[in-house]
Amino acid sequence: MGRHWDVAGVQQCGCTALANIAGGEAGGDNRVAVADCGGLHAILKAVQSFPQDETVLRSAYQALRALGYNPTQELERAQQSHEEEEEQEELGEDDDMSENGEEG
């Protein structure tokens, strides 16, 4: 997942794989291993990278549930972070335009 943050299909498959590992027969041991190896970060990064991609969001939701998290809360937090980043980028563009004497 880490090498292909810009590919939705890779993120979707990665989240599904993490969900399957965390929800497997070993249960709690696998959940801890996935979390310790950065699985939670990878899932949230996938959501931040593709906040409008329904397949990525579904797989991320499944993975978070398998890890024992409340996906709704985590996904809302990730989407809010993404929206804030977009707003900051837009504000930066508006500032650039006003410095150049252009109207935005």
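Our structure is the block above this text.
Residues numbered from 1 in each chain as written. Predicted model: local features only at pLDDT ≥ 70, side-chain atom pairs only at ≥ 80, totals over all residues. Heavy atoms only, no water.

Draft legend 1. Structural context of the pattern of salt bridges. Evaluated as defined, the whole model comprises one salt bridge. Between E54 and R58 there is a salt bridge whose closest N-O contact spans 2.3 Å. Here E54 pairs with R58, and both are found in helix α4 (residues 54–67), just four residues apart, close to one helical turn. On the basis of relative accessible area, E54 is assigned to the partly exposed category, the value being 48%. (Salt bridge = Lys/Arg side-chain N within 4 Å of Asp/Glu carboxyl O. Helix = DSSP H or I, 4+ residues; strand = E, 2+ residues; numbered from the N terminus. Buried < 20%, exposed > 50% of the residue type's maximum accessible area, 1.4 Å probe, protein only.)

Draft legend 2. View of the side chain of S59. Mapping S59 onto the fold places it in helix α4. Residue S59 is classed as buried on the basis of its relative accessible area of 5%. Discounting chain neighbours no more than four positions away, the residues touching S59 are Q12, C15 and T16. (Contact = heavy atoms within 4.5 Å.)

Draft legend 3. Representation of the nonpolar core. With 20 residues, the main nonpolar core has I43, V47, A60 and L75 as its most contacted residues. Of all elements in the fold, only α1 (8–22), α3 (39–49), α4 and α5 (71–99) reach the threshold of two or more residues within this core. At seven residues, α4 tops the list of elements feeding residues into this core. Apart from residues lying up to four places away in sequence, L75 is in contact with V47, L57, A60, Y61 and L64. (Core = buried A, V, L, I, M, F, W, Y, C linked by side-chain atoms within 4.5 Å.)

Draft legend 4. Representation of the packing of aromatic side chains in the model. All told, the structure shown has zero aromatic pairs when counted by the stated rule. The positively charged end of K45 is found above the aromatic ring belonging to W5, 5.4 Å away from the centroid. (Phe/Tyr/Trp six-rings, centres within 6.5 Å; stacked < 30°, edge-to-face > 60°. Lys NZ or Arg CZ within 6 Å of the ring centre and 35° of its normal.)

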